[in-house]
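# Commentary on secondary and tertiary structure
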Amino acid sequence: MKVPWNISSVSLKVTKHFSRDYMRYWNWDFHDLRDAIRNAYRIEKCGKNKFEIYVNKSGYKKIITAYYDIENELVCISGSQGGNHK
């Protein structure tokens with residue numbers, strides 16, 4: 001899918017929930033997050049601004065994000081892990 005952001009220049013932000021429950025558990029920092037989104041194997045648009053990004057970095061994971069065009073921000077809201085590659 002063609003995404004509306006450029007991963008090299010977009011501003012990444014995370015919610016407290018995503019940082020505490022997922023990034024800490026996965027032992028990721030912002031560099032790992034940007035790299036995972038850059039190498040995503042599938043991206044689905046789920047609403048006006050919401051995207052589900054499927055990545056394979058130390059296992060299969062889904063990152064739920066919202067993209068705000070005016071601010072050029074990609075906000076990571078939540079995630080999940082496990083499952084199978086489709």
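Our structure's up above, just so we're on the same page.
The following refers to the structure shown. Predicted, not measured: the structure shown is a model, and the values here were computed from it.

What follows deals with the nonpolar core. One finds Trp-5, Phe-18, Leu-33, Ile-37 and Ile-63 to be the most contacted residues of the largest nonpolar core, which totals 21 residues. Taken together, the elements giving at least two residues each to this core come down to helix 1 (16–26), helix 2 (30–38), strand 3 (50–56), strand 4 (60–68) and strand 5 (73–81). For this core, the element with the most residues is helix 1, which contributes 4 residues. What Ile-63 contacts, discounting residues up to four positions off in sequence, is Phe-18, Trp-28, Leu-33, Ile-37, Phe-51, Glu-52, Ile-53, Val-55, Cys-76, Ser-78 and Gly-79.

With that out of the way, let us pick up the sheet that holds strand 5. Ordered in space as 1-5-4-3-2, the 5 strands form an open sheet in which the pairing is mixed. Edge positions in the open sheet fall to strand 1 (11–14) and strand 2 (42–45), since each of these has one partner strand only. Strand-to-strand twist of the sheet, defined as the mean angle between neighbouring strand axes without regard to direction, takes the value 30 degrees. Note that strand 1 and strand 5 share 4 bridges and pair parallel. Paired with Leu-12 across the bridge in strand 5 is Leu-74. Relative to strand 5, helix 1 is tilted by about 55 degrees, and along the sheet it contacts strand 1, strand 4 and strand 5.

With that settled, consider unusual backbone geometry. Despite not being glycine, Asn-27 shows a phi value in the positive range, around 60 degrees. For Asn-27, the location among the structural elements is in the loop between helix 1 and helix 2. Of the residues examined, Asn-27 reaches a relative accessible area of 67% and is grouped as exposed. We note that Asn-72 has phi near 55 degrees; this positive angle belongs to a residue other than glycine. Inspection of the secondary structure puts Asn-72 in the loop between strand 4 and strand 5. Taking the relative accessible area as the measure of exposure, Asn-72 reaches 27% and is therefore partly exposed.

Our next topic: the side chain of Ser-78. Considering the arrangement of structural elements, one finds Ser-78 in strand 5. Using a relative accessible area of 17% as the deciding quantity, one classes Ser-78 as buried. Setting aside residues no more than four positions away along its own chain, Ser-78 makes contact with His-17, Phe-18, Tyr-22, Lys-62, Ile-63 and Ile-64.

In this section: the pattern of salt bridges. Summed over all chains, the structure comprises 6 salt bridges. The closest approach of N and O atoms between Lys-13 and Glu-73, which form a salt bridge, is 2.8 Å. Residue Lys-13 is found in strand 1, and its partner Glu-73 is found in strand 5; the two are separated by 60 residues along the sequence. Lys-57 is the salt-bridge partner of Asp-35, the closest N and O atoms lying 3.4 Å from each other.

What counts as what
- Residues numbered from 1 in each chain as written.
- Predicted model: local features only at pLDDT ≥ 70, side-chain atom pairs only at ≥ 80, totals over all residues.
- Heavy atoms only, no water.
- Core = buried A, V, L, I, M, F, W, Y, C linked by side-chain atoms within 4.5 Å.
- Buried < 20%, exposed > 50% of the residue type's maximum accessible area, 1.4 Å probe, protein only.
- Helix = DSSP H or I, 4+ residues; strand = E, 2+ residues; numbered from the N terminus.
- Contact = heavy atoms within 4.5 Å.
- Pairing = 2+ DSSP bridges.
- Axes fitted to C-alpha atoms, helices over the stretch in contact; angles between N-to-C directions.
- Salt bridge = Lys/Arg side-chain N within 4 Å of Asp/Glu carboxyl O.

Any functional reading would require information that these geometric values do not contain.
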